[in-house]
Amino acid sequence: AHSNLASFYNRFGRLKLAAEHYRESIVLDSTYGPGYQGLGNLHQRRGDDARAARYYLEALRWDSTLAETHNNLGLLFHKRRELTKALQQYQRAVRFAPEIAHYHSNLGNIYLELERLTEAEAAVSHAIELDSTFYSAQILLGDIHARQGSYGSAIARWQAVPARGAMKQQLADKIAAAQKRL
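No experiment lies behind these values; they were computed from the predicted model shown.

### Digging into the overall build of the chain
In terms of helices and strands, the chain carries 11 helices and 0 strands. Scanning the chain from its N terminus toward the C terminus, one meets helices and strands in the order α-α-α-α-α-α-α-α-α-α-α. If one aligns the C-alpha atoms of the chain with their principal axes, the spans along those axes are about 60 × 30 × 25 Å. Residues classed as buried in the chain amount to 43% of the 182 residues present. Counting contacts in the chain only where the partners sit at least 6 residues apart, residues at least 24 apart contribute 40% of the total. Per element, the accessible surface of the chain, about 9800 Å² overall, is 50% carbon and sulfur. Each charge class in the chain can be summarised by its mean position, and for the 23 positive and 18 negative side chains these summaries are 6 Å apart.

### Observations regarding the side chain of His145
Relative to the elements of secondary structure, His145 occurs in helix H9 (residues 135–147). Looking at His145, the relative accessible area reads 8%, which means it is buried. Ignoring any residue separated from it by four or fewer positions in sequence, one finds His145 in contact with Glu121, Ser150, Tyr151, Ser153, Ala154 and Arg157.

### A look at the environment of Gln170
Residue position: Gln170 is located in helix H11 (residues 165–181). For the pair formed by Gln170 and Trp158, sequence separation is 12 residues and the distance between their alpha carbons is 9.9 Å.

### Examining the environment of Glu82
Here Glu82 is to be found in the loop between helix H5 (67–79) and helix H6 (83–96). A distance of 3.2 Å separates the side chain of Glu82 from the side chain of Lys85, its partner in a polar contact.

### Quick word on the nonpolar core
Nonpolar side chains tend toward joint burial in soluble globular proteins. Membership of the largest hydrophobic core comes to 43 residues, with the highest contact counts inside it found for Leu42, Leu73, Leu107, Ile110 and Val124. Contributions of two or more residues to this core are made by helix H2 (15–28), helix H3 (33–46), helix H4 (49–62), H5, H6, helix H7 (101–113), helix H8 (117–130) and H9. With near-sequence residues (within four places) excluded, Leu73 lies in contact with Ala53, Tyr56, Leu57, Leu60 and Gln89. Counting 10 residues, the second largest nonpolar core, distinct from the first, contains Ile155, Trp158, Ile175 and Ala178.

### A short note on H3
Taking 1.5 Å of rise per residue, the 14 residues of H3 would be expected to cover 20 Å, and the 20 Å separating its terminal C-alpha atoms lies within 8% of that figure. Counted residue by residue, H3 has 10 buried out of 14 residues, so it is predominantly covered. Taken residue by residue, H3 has Gly33, Gly35, Tyr36, Gln37, Gly38, Leu39, Gly40, Asn41, Leu42 and His43 as its buried positions. In this structure, the buried side of H3 is in contact with helix H1 (2–11), H2, H4 and H5. Backbone geometry just after H3 places Gly47 at a positive phi near 90 degrees.

### Brief notes about unusual backbone geometry
Although it is not a glycine, Arg81 sits at a positive phi angle of roughly 65 degrees. If you trace the backbone, Arg81 turns up in the loop between H5 and H6.

### Things to note about the side chain of Asn41
As for its position among the elements, Asn41 is in helix H3. A distance of 2.8 Å separates polar atoms of two side chains, one belonging to Asn41 and the other to Tyr56. Residues within four places of Asn41 in sequence aside, it is in contact with Tyr56, Glu68 and Asn72.

What counts and how
- Residues numbered from 1 in each chain as written.
- Predicted model: local features only at pLDDT ≥ 70, side-chain atom pairs only at ≥ 80, totals over all residues.
- Heavy atoms only, no water.
- Helix = DSSP H or I, 4+ residues; strand = E, 2+ residues; numbered from the N terminus.
- Buried < 20%, exposed > 50% of the residue type's maximum accessible area, 1.4 Å probe, protein only.
- Contact = heavy atoms within 4.5 Å.
- Areas by Shrake-Rupley, 256 points an atom, 1.4 Å probe, with all protein chains shown as cover.
- Lys, Arg positive; Asp, Glu negative; His and termini not counted.
- Charge placed at Lys NZ, Arg CZ, Asp CG, Glu CD.
- Polar contact = N/O pair within 3.5 Å; in protein donor to acceptor, adjacent residues only side chain to side chain.
- Core = buried A, V, L, I, M, F, W, Y, C linked by side-chain atoms within 4.5 Å.
- Expected span 1.5 Å × (residues − 1).

Limitation: the analysis is restricted to geometry and does not speak to function.
As structure tokens, this is what we get:
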């Protein structure tokens, strides 16, 4: 019950109340991984990455199958440029929740940074199969195609993304740069 209340308060930006209820869920059961995960999420949201990582690791100590925790820990490692550790966490997130498109996209993004382009393309393509309206994955797939030298395919991907404002300009810049390489 406390974890459900905490999630409710978190969703509506009532972070102090959310933290109280996550803590209470842990007091009632010190092995309750989702309670630690929730506290990690709150600290990550506040920008306290070190504390978030500690809570995530504690959550995984009690429940190693928490896909969101693996993904969020991957995001923290990625931010710190610990790419191998980020890769491992994203792979675990995908293994425990293969239906979540964002986890596949994060995995594809790290593969791209590691220059593992075939694996990047496969992961991001799978994210798009799961959610065809996942436009940041569409853009990422265009970036992968451009890195592979498939500029025509990259341009087609980028042109298919409905964008406004700054994103529209960024895509226009990508398209112009790729057209010069055709």
